[in-house]
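Reading the structure
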Amino acid sequence: MKRLLIVLIITPLLQINLFAGEGMWLPLFLQALNEGEMQSMGMKMSAEDIYSVNKGSLKDAIVHFGGFCTAEVISGSGLLLTNHHCGYRQIQSHSSVDNNLLKDGFWADGTQEELPNPGLFAKFIESIEDVSIPALAGVTEAMNAKERQSIIDKNIVEIRSKYDLKEFEEITIKPFFHGNQYFLFKTVSYYDVRLVGTPPESIGKFGADTDNWIWPRHTGDFSLFRIYAGPNNEPAAYSPDNKPYTPKHFLPISLDGITEDDFTLIFGFPGRTNEYLPSNAIEQMVEKTNPAKIAIRDKALKIIDKYMRADEAIRLQYASKFASVANYWKKWIGESQGLKSSGAVAKKKAFEKDFQSRVNKNPSQKEAYGDLLNQFEKEYNSIGDLAYANDYFSEYIRNVELLKTANYLKTLAKNQKAGNQEKYNSFKKRLTPVLIKFYKDYQPSIDQEIFAALSQMYFENVDSKHINPAAKEKLLRNGNSYEKFAASIFGQTFIKDESKMMATLDLPMDEAVKTIEADPLFQYLNEIADYHKEKVGIPKNEIQSRIDVLMRKFMKAQMEVFPDEKFYPDANSTMRVTYGQVKGYEPRDAVHYNAQTYLDGVIQKYVPGDYEFDLPKKLISLHEQKDYGQYAQDGKIPVCFLGTNHTTGGNSGSPAIDAYGNLVGLNFDRVWEGTMSDFNYDPSICRNIMVDTRYILFIVDKFAGASHLIDEMKLVRPKSAPVISKPATKVMDSKLKNKRRRKGVPRESKHVMPETQGASGGGY
Ligand code: ARG
Ligand code: ASP
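Predicted, not measured: the structure shown is a model, and the values here were computed from it. (Residues numbered from 1 in each chain as written. Chains lettered and ligands numbered in written order. Predicted model: local features only at pLDDT ≥ 70, side-chain atom pairs only at ≥ 80, totals over all residues. Heavy atoms only, no water.)

Helices and strands together make up the secondary structure of the protein, namely 28 helices and 20 strands. Rg of the C-alpha trace for the protein: 27 Å, near the compact-globule value of 27 Å for 764 residues, within the 12% margin. Structurally, the protein occupies a C-alpha span of about 80 × 70 × 60 Å along its principal axes. Buried positions account for 58% of the 764 residues belonging to the protein. Considering only contacts within the protein whose residues lie at least 6 apart along the sequence, 79% involve residues at least 24 apart. (Helix = DSSP H or I, 4+ residues; strand = E, 2+ residues; numbered from the N terminus. Rg over C-alpha atoms; globule rule 2.2 N^0.38 Å. Buried < 20%, exposed > 50% of the residue type's maximum accessible area, 1.4 Å probe, protein only. Contact = heavy atoms within 4.5 Å.)

Written as structure tokens, this is what we have:
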């Protein structure tokens, strides 16, 4: 359960193994809830060093990167570090056959070569505030969900109105603990974020899908960007006149790295977790919904894989789509296995038994919460089939590319029906580049095969009462053959054809929608989608909103019934701190995994010419010559390491910070056995995976020869003897740097280390 024991009386010897690492904590409560534990685990900073509204603190170096990943500032000139897979779309968008940044890597030769990325933003948190009292003012337990929400919405408008916001500043107010508390985030976003450098995919994505979610890992999953600001260091839209941003704080980078049991802290924007669900929810996931989603993706992936292996051009077209479908497919398999093998349902049931017996002993709690578990049972019994049909349907649409595309056209038709030319135009404008990109990498024959296979699964595995009989009739008219059915629809639809699609979009609105509505694939989608909405979507949402109310009460009840335990709110894409220790693990009997991998292991996995395990020659020769500069430890280059930090999707790109506030790693993944941590964190097998910063520095310096970037950073040795101070420098003037470049070989940077760091080491 999520109830963290505050271990007060423990022998120092035992201590090291008792810290769970569970929890995604709100930065503003660290002092009250976590500081003591963090320091007893070895942290040398104070909570104020991590999060402060009064002075520069670690939080000022952390950004929400594009809203989906985390990144951190690592120089006084706005240099940003994030994952390769977080910057992937941008890297891909700057790539062409002749100038393939994905394949060859990219290192801007001075700031004038850094590449702008329209739409990409870096969002800083200025302050966080508990607004539970004003947000919930006037709300009573007797209200139904709708009444409650409308009062909260009004309150939120009121709270917002008190803030005077500058351009690029925003206020976000979100529910926490399933609606029992509300927090406000004041943010400022920078919209000029340029690509500075990336290793080739053979390093940044080494091991690709085979190694994804897997330990031991050998991926250099990083890329570098830079934030640019307008006059006075203020945020501004892209302009060639913008200057590198001067941060309030940036993270110094430790060359001393980590060893087993070292304290680590992860700062970032975890997306979504659900740690407090009742056992029924986990049961439903393990028994019903995960297997359905896995089966559909399994089928689609097998078909794509077959074509990718047979044809290099198709491999290139489908690699990124394959990776994104495979990512969660693989996660769900690990998650289901983990939930089963850790006995998550039984554990939840045991907790519920304890909960119920405590509640029963307390009359007022019995009155308020005594029937909660029964109600969950009832609601989950009735939502089961609907949740299954719903997941089946959305995975079906998601994995047939043409159905997904036709789904966009529904929005156009909707705007036309509403007579809203303006909305129609603006959606069309946004859709056009999406479509161009889609057709570039689209093979109708593969999609048709997937359509046939998934339609069969949908018709056979979803209860017929949830599927429109008209769709079934279409199938029967094709001799009850899914292949014929697919051939007939794909033979007639114009949606698969880029030129026809673009010509249709060029027509006046009414005519365009007329053409769209006459399309057989569009018609088929509408038939199944409208029926699905009525028979599955709406009733499911009704039950779900009742479950949401129960969840709010259950959450409140857990906090009241176990008053001595610390609770952390589920992830919701807001800023969190999680902390733990560097640790290996034992996934199964007789198997032990070390916490650290090395370059030797990269070389061991090398398969020349393989699309997942090929390596650049330069890296192999650096390894042969042991040309490691200042980045080796005991003669070896560290590559990735494990920690007990509790992370989830969105934490990718998060910094792993040492006891002193220096960067030691870059979070990018979790281990297979522990992907269930979104629902059931188990300290024995849940581990996050980080790239060791020494590998990043080694690649930037020795592999890429981009020593000007190293010069910008502040490298420290907090563990070994402090050496002479070298102040962090501003980004090198481009002209000056080019002059040096022209002289020839990139020089190896020779760094001297500044003093041991406190948290404000990189402060400005
Ligand atoms: N599993 C990691 C995460 O969920 C990395 C995903 C990117 N890598 C990949 N091979 N698909 O985002
Ligand atoms: N790979 C994930 C991300 O991109 C992190 C995780 O799920 O552990 O955010």
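On to the pattern of salt bridges, then. Within this structure, the stated rule accounts for 39 salt bridges. In this structure, D49 engages K55 in a salt bridge whose closest nitrogen and oxygen atoms are separated by 2.9 Å. According to the relative accessible area criterion, D49 is buried, its value standing at 16%. Exposure remark for K55: the relative accessible area of 36% places this residue in the partly exposed category. A salt bridge links D669 to R217, with the nearest nitrogen and oxygen atoms 2.9 Å apart. Within this pair, whereas D669 is found in strand β18 (residues 663-670), its partner R217 is found in the loop between α10 (208-211) and β10 (223-229), the two being separated by 452 residues in sequence. (Salt bridge = Lys/Arg side-chain N within 4 Å of Asp/Glu carboxyl O.)

For the rest of this paragraph, the subject is the site of ligand 2. Around ligand 2, a shell composed of H85, W213, T648, G649, G650, N651, S652, F668, D669 and R670 is seen. F668 places a main-chain nitrogen or oxygen 2.9 Å from a nitrogen atom of ligand 2. Within the side chain of R670, an N or O atom sits 2.8 Å from an oxygen atom of ligand 2. By residue number, the principal contributor to the shell around ligand 2 is β18, which donates 3 residues. Taken together, the residues of the shell around ligand 2 sort by class into 2 nonpolar, 6 polar and 2 charged. (Near = heavy atom within 4 Å. Polar contact = N/O pair within 3.5 Å; in protein donor to acceptor, adjacent residues only side chain to side chain. Nonpolar A, V, L, I, M, F, W, Y, C, P; charged D, E, K, R; others polar.)

Helical geometry: 3.6 residues make up each α-helical turn, so side chains three or four residues apart lie on a common side. All buried positions along helix α25 (residues 617-624) are accounted for by L619, I620, L622 and H623. Along the long axis of α25, the arc covered by the buried residues comes to 160°, so they all point the same way. Structural note: α25 exposes K617 and E624 on the side pointing more than 90 degrees away from its buried face. The secondary structure elements touched by the buried residues of α25 are α9 (201-204), α24 (599-605) and α26 (693-703). A positive backbone phi angle near 50° is found at K626, which sits one or two residues after α25. (Arc of directions from axis to C-beta.)

Around ligand 1 sit H85, A208, D209, N212, W213, A323, N327, F668 and D669, and that is every residue in its neighbourhood. Within the side chain of N212, one N or O atom sits 2.7 Å away from a nitrogen atom of ligand 1. Here N327 contributes a side-chain N or O atom positioned 3.0 Å from a nitrogen atom of ligand 1. Look at ligand 1: alone it shows 340 Å² of surface, and the protein chains cover 86% of it. Split into classes, the residues belonging to the shell around ligand 1 amount to 4 nonpolar, 3 polar and 2 charged. (Areas by Shrake-Rupley, 256 points an atom, 1.4 Å probe, with all protein chains shown as cover.)

A word on the environment of N290. Relative to the assigned elements, N290 resides in helix α11 (residues 279-310). Those residues in contact with N290 that sit more than four places away from it in its chain are M285, W332, E335 and S336.

Before going further, it helps to spend a moment on the layout of surface pockets. The space that makes up the second largest pocket amounts to roughly 1,400 Å³. Lining the second largest pocket are 46 residues, and of these R272, N274, L277, Q544 and D548 lie nearest its centre. Sort the elements by how many residues they give to the lining of the second largest pocket and helix α23 (residues 520-561) lands first, with 8 residues. Across the lining of the second largest pocket, the residue classes break down as 19 nonpolar, 14 polar and 13 charged. (1 Å grid on protein atoms, 1.4 Å probe; cavity = no way out; pocket = protein on both sides within 12 Å on 5 of 7 lines; lining within 4 Å. Points joined across faces, edges and corners; volume = space filled by probe spheres on them.)

A few words now on α11. Compared with an ideal rise of 1.5 Å per residue, which puts 32 residues at 46 Å, α11 spans 45 Å between its outermost C-alpha atoms and is within 8% of the ideal. At M285, α11 is deflected by roughly 45°, the largest bend along its length. (Expected span 1.5 Å × (residues − 1). Bend = angle between axes of the 7 residues up to and from the residue.)

With the rule as written, the count across this model stands at 38 aromatic pairs. Their ring planes at 55° and their centres at 6.1 Å tell us that F393 and Y458 sit as a pair that is tilted. Here F393 is found in helix α15 (residues 372-399), whereas its partner Y458 is found in helix α18 (residues 444-461), with 65 residues between them in sequence. You'll find F393 and Y458 in the same group, each marked buried. Measuring from centroid to centroid gives 6.1 Å for F459 and Y482, while their planes differ by 40°, and the two rings are tilted. Residue F459 is found in helix α18, and its partner Y482 is found in helix α20 (residues 482-492); the two are separated by 23 residues along the sequence. Members of the aromatic cluster, joined through ring pairs, are F393, Y396, F451, Y458, F459, Y482, F485, F490 and Y524. The ring of W332 carries K293 above its face, with NZ or CZ at 4.3 Å from the centroid. One Lys or Arg, K618, reaches over the ring of F703 and ends 5.9 Å from the middle of that ring. (Phe/Tyr/Trp six-rings, centres within 6.5 Å; stacked < 30°, edge-to-face > 60°. Lys NZ or Arg CZ within 6 Å of the ring centre and 35° of its normal.)

Turning next to the confidence of the model for the protein. Looking at the protein as a whole, the pLDDT averages 92, with 92% of positions reaching at least 70. Across residues 1-18, confidence stays below pLDDT 50; counting only partners more than four residues off in sequence or on other chains, it has 33 contacts. The low-confidence segment residues 723-764, where pLDDT is below 50, has 112 contacts with residues more than four positions distant or belonging to other chains. (pLDDT = per-residue confidence, 0-100.)

Remark: α18 packs on α20, axes separated minimally by 9 Å, with the N-to-C direction vectors making an angle of 130°. The orientation of α18 relative to α20 falls into the category oblique. Regarding α18 and α20, the two cross each other, and that crossing is right-handed. Contacts between α18 and α20 involve P444, D447, Q448, F451, A452, S455, Q456, F459 and E460 from the first element and Y482, E483, F485, A486, A487, I489 and F490 from the second. Classifying every residue of the contact of α18 with α20 gives 10 nonpolar, 3 polar and 3 charged. (Axes fitted to C-alpha atoms, helices over the stretch in contact; angles between N-to-C directions. Parallel < 35°, antiparallel > 145°, perpendicular 65-115°, else oblique. Left-handed = near helix turned anticlockwise from the far one by under 90°.)

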